[in-house]
Amino acid sequence: MNSPGFLKCAGAVVALALVSACAGGSAVAPSPATVTTSYVGKTLFVNGRPVTAARLNPLPRYAELVPDAAKSKDYEYIFNDYGSYGSIFNYPKSNNMIGQVTGAGGQGCTNVLYGYGKKIFWNAGRTNDVITEYQVPSKAIKTLPVAYDYTSSCAMNTDGDLAVGVILSNSYGAGGQQIIFKNATGKGTVYNTPLYKAYFAGYDTKGNLFADGENQSYGFMLVELPKGSKKAVTITTSNSPQFPGSVQWDGKYVTVFDQLSNALYQYTISGTTATLKHTVQFSGSSDCAQTWIVPGLLYCADAGNDEGYVFKYPAGGSPLATFSGSFDYPLGVTAAAK
């Protein structure tokens, strides 16, 4: 974990009473350090809530100074544990955290298929059964209701429709549903899919929605809800991803990130078959719980290392940069511009 993200005096993390003495800023109280984790099959539960990370590296949460959001055009958001906060950055101007989105957590998305969203972003990880839209950099402007306690992903198509995935339904019942909000408004229409648990989702340029997750045997599964269809179909991949990760269009391919192998798979889709065209391998990260692709770069919210990384894309390899800030079990990432 990067020390610049945490307030330290004489090499030790100080108590809140000493925070102001060290830097004279406003302080945020640390959350309780006790965390309960367990697995049901391959699904990780943190404090009783299912999460879409393959693995976490729970660490103590420290007091910190929270700087004001600086003037910028482009912003990156690392979303932490559900209902906690999002960490705001303005890379490449700086690697340092410049503010927070209070109450955010889980996964994020925006109104472009890849790249920097236009003026807004969405967060699917609050804990009060709503999906929240924000105006860049951090103003909450709208919520949409969902009838499920455990949402996972969100994605938007080029028409402005918003898809929200369900990892598990209420009382830990079968999930896998996709809720589509036409023009990102209203109550949403629920579409069942072959998935038992939905983890991530993304649209292609034709408006087809792809989502990955687990089947009832805890195996990887990719599905498609074709544009205009009410029935989702299973997509057979020509390789065997180990654990579901982000699904996103990258400008040429439908991509799926594999959280366990730290690899991104670029697919072409024909009918119900996804043919692997290229594999992009990443190193230095432990578990990119969500990734977000912008031209030339890939952002990683690393739940395993409690970090945020910037990689070259499609080159892959080692991190180009490491975000320096406060992270509390990072689960999601997206990017948006004013």
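Read on for a plain summary of the structure. Keep in mind it's a predicted model, so treat the numbers as computed, not measured.

1. Some words on the sheet that holds strand β12 (residues 117–118)
Part 1: Pairing within the open sheet is mixed, and its five strands lie in the order β10-β9-β8-β32-β12. Whereas interior strands pair on both sides, the edge strands pair on one side only; in this sheet they are β10 (99–102) and β12.
Part 2: The sheet contact formed by β12 and strand β32 (residues 332–337) spans two bridges and is parallel. Note on β32: the bridge partner recorded for G117 is A336.

2. Details of the nonpolar core
Part 1: Of all hydrophobic cores here, the largest spans 35 residues; its most connected members are Y203, L209 and L222.
Part 2: If you list the elements that add at least two residues to this core, you get β16 (150–156), β17 (162–168), β20 (197–203), β21 (209–214), β22 (220–225), β24 (247–249), β25 (254–258) and β26 (263–270).
Part 3: Counting residues in hydrophobic clusters, the runner-up holds 32 residues, among them V112, V164, A184 and A321.

3. Re the packing of aromatic side chains
Part 1: As enumerated under the stated definition, the model contains 18 aromatic pairs in all.
Part 2: A ring pair is formed by F79 and F121, whose centres lie 6.1 Å apart and whose planes are at 45°; its orientation type is tilted. Taken together, the residues F79 in strand β8 (residues 74–79) and F121 in strand β13 (residues 120–123) connect sequence positions 42 residues apart. With respect to burial, F79 and F121 carry one shared label: buried.
Part 3: For R49, the ring lying beneath its charged end belongs to Y82, and the centroid distance is 3.5 Å.

4. Notes on the sheet that holds strand β14 (residues 130–135)
Part 1: A sheet is described by the order of its strands in space; here four strands give the open sequence β11-β13-β14-β15, paired in antiparallel fashion. Taken across any chain shown, the strands that pair with only one partner, and hence form the sheet edges, are β11 (108–110) and β15 (139–145). When the angles between neighbouring strand axes are averaged without regard to direction, this sheet yields 25°.
Part 2: The pairing of β14 with β15 spans six bridges and is classified as antiparallel. Each bridged residue has a counterpart across the sheet, and for T132 the counterpart in β15 is T143.

5. Here we look at the state of the cysteines
Part 1: Taken as a whole and judged by the stated rule, the model has two disulfides.
Part 2: Two residues share a disulfide in this structure: C109 and C154, whose sulfurs sit 2.3 Å from each other. The chirality of the disulfide connecting C109 with C154 is left-handed, given an S-S dihedral of about -125°. Of this pair, C109 sits in strand β11 while C154 sits in strand β16, and the two are 45 residues apart along the sequence.
Part 3: Here C109 falls in the buried class, since its relative accessible area comes to 1%.
Part 4: Judged by its relative accessible area of 4%, C154 is buried.
Part 5: Here C288 engages in a disulfide with C300; their sulfurs sit 2.2 Å apart. An S-S torsion of about -100° defines the bridge between C288 and C300 as left-handed. On the criterion of sequence distance, the pair formed by C288 in strand β28 (residues 288–294) and C300 in strand β29 (residues 297–302) is long-range, its members being twelve residues apart. As far as burial versus exposure is concerned, C288 and C300 are alike and both buried.

Rules used in this analysis
- Residues numbered from 1 in each chain as written.
- Predicted model: local features only at pLDDT ≥ 70, side-chain atom pairs only at ≥ 80, totals over all residues.
- Heavy atoms only, no water.
- Pairing = 2+ DSSP bridges.
- Helix = DSSP H or I, 4+ residues; strand = E, 2+ residues; numbered from the N terminus.
- Core = buried A, V, L, I, M, F, W, Y, C linked by side-chain atoms within 4.5 Å.
- Buried < 20%, exposed > 50% of the residue type's maximum accessible area, 1.4 Å probe, protein only.
- Phe/Tyr/Trp six-rings, centres within 6.5 Å; stacked < 30°, edge-to-face > 60°.
- Lys NZ or Arg CZ within 6 Å of the ring centre and 35° of its normal.
- Axes fitted to C-alpha atoms, helices over the stretch in contact; angles between N-to-C directions.
- Disulfide = S-S within 2.5 Å.

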